Amino acid sequence: MAEMMEMETTPVENNNELALITPETQPKRRKKKSMVWEYFTIEHVSAGCRRACCKHCKQSFAYSTGSKVAGTSHLKRHIAKGSCPALLRDQDNNQSTPYTPRVGGSEPRKRRYRSSGSPFIPFDQDRCRHEIARMIIMHEYPLHMVEHPGFIAFVQNLQPRFDKVSFNTVQGDCVATYLREKQSVMKCIEGIPGRVCLTLDMWTSKQTLGYVFITGHFIDFEWKLQRRVLNVIMEPYPDSDSALSHAVAACLSDWSLEGKLFSLTFNHQTSEAGLENLRPLLCTKNPLILNGQLLLGNCIARTLSSMAKDVLGAGHEIVKKIRDSVKYVKTSESHDEKFVQVKDHLQVPSEKSLILDDQTQWNTTYQMLAAATELKEVFNCLDTSDPDYKLAPSMEDWKLSETLCTLLKPLFDAASILTTTTNPTAITFFHEAWKIHADLGRSITNEDPFISNLGKSMQEKIDQYWRDCSLILAIAVIMDPRFKMKLVEFSFTKIYGEDAPAYIKIVDDGIHELFLEYVALPLPLTPTYAEEGNAGNGKADESRQGNLLSGQGLSDFDAYIMETSNQQMKSELDQYLEESLLPRVQDFDVLGWWKLNKMKYPTLSKMARDILSIPVSAAAPDSVFDITIKQLDEYRSSLRPETAEALICAKDWLHYGSEVSSNALVKMEF
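The rules behind the values
- Residues numbered from 1 in each chain as written.
- Predicted model: local features only at pLDDT ≥ 70, side-chain atom pairs only at ≥ 80, totals over all residues.
- Heavy atoms only, no water.
- Helix = DSSP H or I, 4+ residues; strand = E, 2+ residues; numbered from the N terminus.
- Buried < 20%, exposed > 50% of the residue type's maximum accessible area, 1.4 Å probe, protein only.
- Contact = heavy atoms within 4.5 Å.
- Areas by Shrake-Rupley, 256 points an atom, 1.4 Å probe, with all protein chains shown as cover.
- Pairing = 2+ DSSP bridges.
- pLDDT = per-residue confidence, 0-100.
- Polar contact = N/O pair within 3.5 Å; in protein donor to acceptor, adjacent residues only side chain to side chain.
- Axes fitted to C-alpha atoms, helices over the stretch in contact; angles between N-to-C directions.
- Parallel < 35°, antiparallel > 145°, perpendicular 65-115°, else oblique.
- Left-handed = near helix turned anticlockwise from the far one by under 90°.
- Nonpolar A, V, L, I, M, F, W, Y, C, P; charged D, E, K, R; others polar.
- Expected span 1.5 Å × (residues − 1).
- Phe/Tyr/Trp six-rings, centres within 6.5 Å; stacked < 30°, edge-to-face > 60°.
- Lys NZ or Arg CZ within 6 Å of the ring centre and 35° of its normal.

A. The overall build of the protein, seen in detail. For the protein, the count of helices and strands is 26 helices and 11 strands. Out of the 670 residues belonging to the protein, those deemed buried represent 46%. Within the protein, contacts between residues at least 6 apart in sequence are counted, and of these 69% link residues at least 24 apart. Accessible surface for the protein amounts to roughly 35,700 Å². Of this, 52% is attributable to carbon and sulfur atoms.

B. Spotlight on the side chain of Q171. By the secondary structure assignment, Q171 is in helix α6 (residues 167-190). If near-sequence neighbours (up to four positions away) are discounted, Q171 is found in contact with L143, R640 and T643.

C. Quick look at the pairing of strand β8 (residues 210-219). Taken across its 10 residues, β8 has 10 buried, putting it largely inside the fold. Because side chains alternate across β8, one face comprises the buried residues G210, V212, I214, G216 and F218, and the other comprises Y211, F213, T215, H217 and I219, equally buried. The turn joining strand β7 (residues 196-203) and β8, which pair antiparallel and follow one another in sequence, is formed by 6 residues; a positive phi near 60 degrees is taken by T208. Sheet analysis places β8 next to strand β9 (residues 225-235), joined by 10 bridges and oriented antiparallel. Looking at β9, one finds that F218 is bridged to Q226. Between β8 and β9, which pair antiparallel and follow one another directly, the connecting turn spans 5 residues, one of which, W223, has a positive phi of 60 degrees.

D. Representation of the pairing of β7 within the structure. Most of β7 sits out of view: 8 of its 8 residues are buried. In this structure, β7 lies alongside strand β10 (residues 261-266), joined through 5 bridges in parallel fashion. Each bridged residue has a counterpart across the sheet, and for T199 the counterpart in β10 is T265. Sheet topology note: the β7/β8 ladder contains 7 bridges and is antiparallel. From the neighbouring strand, D201 faces β8, where its bridge partner is F213.

E. Representation of the confidence of the model for the protein. Summing up the model confidence of the protein, the mean pLDDT is 81 and the portion of residues at 70 or higher is 77%. Confidence scores differ between elements of the protein, with strand β2 (residues 17-21) showing the lowest mean pLDDT of 42 and helix α12 (residues 362-374) the highest of 95. Here residues 1-27 is a poorly scored stretch, pLDDT under 50, and it has 16 contacts once near neighbours within four places are set aside; other chains count. Contacts from residues 523-546, a stretch scored under 50 in pLDDT, to residues over four places away or in other chains number 27 contacts.

F. Seen up close, the side chain of N267. Position of N267 among the secondary structure elements: in the loop between β10 and α8 (272-282). Within the structure, the side chain of N267 is placed 3.4 Å from the backbone nitrogen of M202, a separation counted as a polar contact. Beyond its immediate sequence surroundings of up to four residues, N267 is in contact with L200, D201, M202, C299, R302 and A618.

G. Here's a closer look at the packing of helix α15 (residues 426-444) against helix α17 (residues 484-496). At a closest axis distance of 10 Å, the pairing of α15 and α17 adopts a crossing angle of 20 degrees. Our classification of the angle between α15 and α17 gives roughly parallel. In this structure, the crossing between α15 and α17 has a hand that is left-handed. Packed against α15, whose contacting residues are F430, W434 and H437, the element α17 presents L487, V488, F490, S491, F492, K494 and I495 at the interface. Per-class residue counts for the contact of α15 with α17 are 7 nonpolar, 2 polar and 1 charged.

H. Quick look at helix α10 (residues 316-330). In this model, α10 (15 residues) spans 20 Å end to end at C-alpha, consistent with the 21 Å of a helix rising 1.5 Å per residue. Listed as buried for α10 are I318, V319, I322, R323, S325, V326, Y328 and V329. Each element contacted by the buried residues of α10 is listed here: α9 (300-314), α11 (333-346), α12, α13 (376-385) and α14 (395-420).

I. Spatial organisation of the packing of aromatic side chains. In the structure shown here, the tally under the stated rule is 23 aromatic pairs. With a centroid separation of 4.2 Å and 20 degrees between ring planes, the pair formed by W203 and F213 is classed as stacked. Placement of the pair is W203 in strand β7 and F213 in strand β8, with a sequence separation of 10 residues. Like W203, the residue F213 is buried in the burial classification. Ring plane angle 85 degrees and centroid distance 6.0 Å describe the contact between W255 and W653, whose orientation is recorded as edge-to-face. Here W255, found in the loop between α7 (243-254) and β10, pairs with W653, found in helix α26 (residues 641-657); they are 398 residues apart in sequence, far enough to count as distant. Note on W653: relative accessible area 3%, which makes it buried. Aromatic ring contacts, followed pair by pair, group Y328, F339, F379, Y389 and W398 into a single cluster. The side chain of K484 reaches across the aromatic face of Y576, ending 4.4 Å from its centre. Geometry around W223 places R609 over its ring, the cationic atom sitting 4.1 Å from the centre.

If you want it as structure tokens, here you go:
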């Protein structure tokens, strides 16, 4: 008050005369409390007329004329309803998901704590429900969590105005999220220029019900390899001959993929009758591609796991001894300290750390054996520092452990590719498969009967895989301009010896036969037409070229082209094979190369697009090393099949929506 009394008089210009306003005569102005004044300033337009100007977009609004005051409701609508374009841009930059604020009703005034310049975001019940559904889907929380007292108390303290939701409500919200995401995925798949490859991963449950996880693999317009879970279909009788075929037929119908299916890869033991039920699905509205040989019943992940299981089974006694020793060290802090002291004293150079294995994941058992074997000197001397330790394996045991590690390492290295590469290609596994085949050939001739007998058992399984899949793997290698037929010839010579020419001829005939099937497709379906047409400038281009591209009235011309240029189209493949190999670079983008050369090889590039999308594994990355069949958890298997499918598929789609697509680089070492 003292400061106010001492305030100097202020000169004010009014009607060209200098007037003085003293503290006694100065009118009192009430401090504006509305939140809108954080976003607006008042401009004096003329005598008695004032307007509110938005700080963000500079739009002007009526505020007062004479004694009439317009109020602030229309100003609130401008900033809270998304009318301000500048504020809307800021909101889009700061929020991952757009939303629509609640319409109608004025917001009750409450104390708000926010940083200066932050946009006003009113509470929105619908948005909160949407985010809860996304959270449950992305993190696999149980739907019932919304009814848990702890969750309700947390939300009520966070936002008292949030109306608690029931199990049925959040289930409906999750299904609605699934349906919205499905529309986006369906639009993506409808527009792809090539075909789709499916993998079938059979899970089980405690109720002995089967759940077929169907994943689609395809190459998009940008020549990027894409992978999406399409369906999770419950099969009451998973061991029946019709289980897989029923699931595939349902998927094809659900996603309108009849005529677009290129290959099937599955990991479930299937009878010959089951295979015959699947084979026709490959040629539904399709040419009979390679007589149905693109039906891959051998998943490479399951083949490698089966071989690893044989190795660990043969050495189960030594594995148990080493596991007990590792358990002794890792389950006690004092034992672990003594182990480290002995290691430091002996100056053992190993950098590996001891781990206790998960017996359902064979890679952890291999890593446990490999680490323990490198630290065997420490185990052998541990009893000198820790008299209670009496579990040390013998030297013979350690020798056997080294043998097990030698046999497991090639399998581990190959399977690891499936976990480190988002979309592994058949090119890489052609090399891995024949390398394992060659290693086992040497093991069979080993003088040690344990190694020899185990090598024979393992080779039977890799031989079966090679018989089923070598043609597809070889054709994929030919589509790599760094290798073409040369790597096939080299590898087959190593594997088959004098019989190699016969097997090489099978591959050569197979790729020419497949190429002829693509040549037989109508010209408007080739990449040159389809991609350029779809990637054009919209309806104007379509209207100009529609009659030509549709082929109306030109069917005879198409037939003439087919007859007169058949030899020229066939030579497209031969021309590619005769050209020299590209330099062998590790991080080579084979899909990028075909994208650049699609105009040079219009038909062959279309074939390459489909072949290079063939997956070699039906297992998800986190299931590659599983020894047992995947089991759906008790909670999700208790839900309705449609709800379980919605939760699993939507999680996959939301995950890929937030990630940058893989560049599909093929990395190989020689």
